[in-house]
Every structure is written in C-alpha cells, then in structure tokens.
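Tertiary structure, described
Below, each chain spelled out in residue letters.
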Amino acid sequence: MAPGLFKCVECNEDANELHRDYSNGILKITICSSCKKPVDKYIEYDPVIILIDATLCKIQAFRHILFNTEINIHWKLCVFCLLCEAYLRWALLQGSQSNDDPADIIRYTKEWEFYCMFALAALELAVFCIGVLFILWTAQCCSGSSVEFTPLLKALLLSSYGKVLLIPAVIWEHNFSPLCFSLIRLFVLTSNSQAIRVILNCSRRLSLLAVCGGLLLETWVAQALKTLQVCSQDYLSML
Ligand SMILES: [Zn+2]
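An account of the accompanying structure is given in this report. Please read all numbers here as calculations on a predicted model, not as lab measurements. Here, residues in each chain are numbered from 1, in the same order as that chain's written sequence. Given that the model is predicted, a residue must reach a pLDDT of at least 70 before its local features are reported, and side-chain atom pairs must reach 80 or more before they are shown or counted; all residues, however, enter totals for whole chains, interfaces and linings.

All right, on to helix α5 (residues 111-142) then. Only runs of H or I of at least four residues qualify as helices and only runs of E of at least two qualify as strands under DSSP, and these elements are numbered from the N terminus. Here a helix's expected span is defined as the number of its residues, less one, multiplied by 1.5 Å. Taking 1.5 Å of rise per residue, the 32 residues of α5 would be expected to cover 46 Å, and the 47 Å separating its terminal C-alpha atoms lies within 8% of that figure. Around each residue's C-beta, the other C-beta atoms within 10 Å are counted; 20 or more make the residue buried, 12 or fewer make it exposed, and counts in between make it partly exposed. All C-beta atoms are placed from the backbone. Listed as buried for α5 are Met-117, Ala-121, Leu-125, Phe-128, Cys-129, Gly-131, Val-132, Ile-135 and Leu-136. Just past α5, the residue Gly-144 takes up positive phi, approximately 80°.

What follows covers the packing of α5 against helix α9 (residues 204-238). How two helices pack is summed up by the angle between their axes together with the distance between the axes. For helices, the fitted line uses only the C-alpha atoms of the stretch in contact; every axis is such a line through C-alpha atoms, and the angle between N-to-C directions lies from 0 to 180 degrees. Remark: α5 packs on α9, axes separated minimally by 8 Å, with the N-to-C direction vectors making an angle of 140°. For the element pair α5 / α9, the angle class is oblique. When you trace α5 past α9, the crossing you get is right-handed. Of α9, the residues touching α5 (which contributes Glu-124, Val-127, Phe-128, Cys-129, Gly-131, Val-132, Ile-135, Leu-136 and Ala-139) are Leu-206, Leu-209, Ala-210, Val-211, Gly-213, Gly-214, Leu-215, Leu-217, Glu-218, Val-221 and Ala-222. Side-chain classes follow a simple rule in which Ala, Val, Leu, Ile, Met, Phe, Trp, Tyr, Cys and Pro form the nonpolar group, Asp, Glu, Lys and Arg form the charged group, and the remainder, Gly included, forms the polar group. Of the residues contributing to the contact of α5 with α9, the split by class is 15 nonpolar, three polar and two charged. Roughly parallel refers to an angle under 35 degrees, roughly antiparallel to one over 145, roughly perpendicular to one between 65 and 115, and oblique to any angle outside these ranges. Note on convention: near helix rotated counterclockwise from far helix by under a right angle means a left-handed crossing. Clockwise means right-handed. In this description, a residue-residue contact is defined by the distance between C-beta atoms placed from the backbone, which must lie within 7 Å.

Tracing the backbone through its elements, the reader meets Pro-151 in helix α6 (residues 149-158). Along the sequence, Pro-151 and Ile-199 sit 48 residues apart, while their C-alpha atoms lie 7.3 Å from each other.

This is how it looks when you write it as structure tokens:
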C-alpha cells in the first residue's frame, strides 16, 4: 500500500505506516501524531475480535477494515448474499404455489424462476446503491467536496455482510419470519450507514439520510415491479 493511505482508527488522521519492523523480529506499532494513540490497534487483534467489533458497528473496526486492510472480497460476498436472498424469495414463491407432485416436470422448469429472483434481488441492490450514491454525491457537491464512488461502493457491499445471516434461514428452510428478515435488514442498514460515515468522514445525519433515501428508492422500484407483474398477469388472463 502506498505511503499516506493508512488512517488512524481513532481520529481518522492519515498515517504512513501501521508498524515499524526493526528487522530483528521486533515490531513496534506506530503511534498517531494527532491523538497519540496506536494508529491501528487491530493489527494485533484476532480476526474474531475484529469481526465482533464490526458487528457492534464500532467505527474503529470499520476504519481498520476499510482503510488499513486490502480486503477485496466485496464482489464475491455480494454474489453470495444475492444467491441466498434469491433462494429465500424463490422458496417463498414455491411455498405460495400448490404443487404436491414431486415428479412434476414443472418443478424442473421452474428453475428459471430462481434466476428471475436473483435478477430481482440484484436490481434492488443496484437501485439501493444508486440512490445512496446519488444522495451523497448531491450533498458533497453542495458542500464543495468531491466523492470517490469506488471506495463508497466497496464499503456499501462489504458492510452488507450481515446478509450472510440469511444462511441459517436457508439451512433451516422455511423456519423464518418477517420479523427475522426485518431485523437482518435493520442491521445491514446500520452497518451501511456506519461504513458511509467512515469513508466520507461525514455526520451521522447525512449517512442515515443517504441510507434511508436508498431504501425508499429500492422499495418504490420493488412496488412498481410488483404492480407491473400483477398488471401483466391480469392482461394475460384476459387474453
Ligand atoms: Zn489518531
């Protein structure tokens, strides 16, 4: 990583290094010139502790992950979460349709419905991200600042890791509830908001506004798609 690209996890000050290697096996953690605390205390921590702190939405843990590591699994994580979400939607769809014959050929031809659910989940995620980025871009332009979309998008995708909580719902099949999904969504949105705060070093109000705006836009598009689907089904049944 290039010098100056690290950040102090406590005060967000730029730092050239996280530790200094004295070549005889002695490492010394760099102390921040601004707050006089270790630049990144997490480099000594176990990944499990870092994950727990990230789950608790601690801003220091988010700064460590987003600025001081080179994690590049955001796209893989995104596809994995979309697959889980698509499966759950598909399972709900199958549960709402009566089909008692397991050998029914329709069971196999319904595979395309899974891909449709995946595409729908991907579209909703894209709309959410576009809504959030647009609000942040507008707010930053009004304040005379510039916005880099790549780190913001990476932060949004990484901070959506809470969607892996959908895995238990997949494992235990239909033993889930709308309340469970709502809590997972709330957790993911909280993480998204914290990630935006870390990347832009902005106020909590702006990050919450951006997340709520993205959520509203996503909900609106989802409702519009549902209405379109119902209308098209009504039209086809009339033919
Ligand atoms: Zn500092």
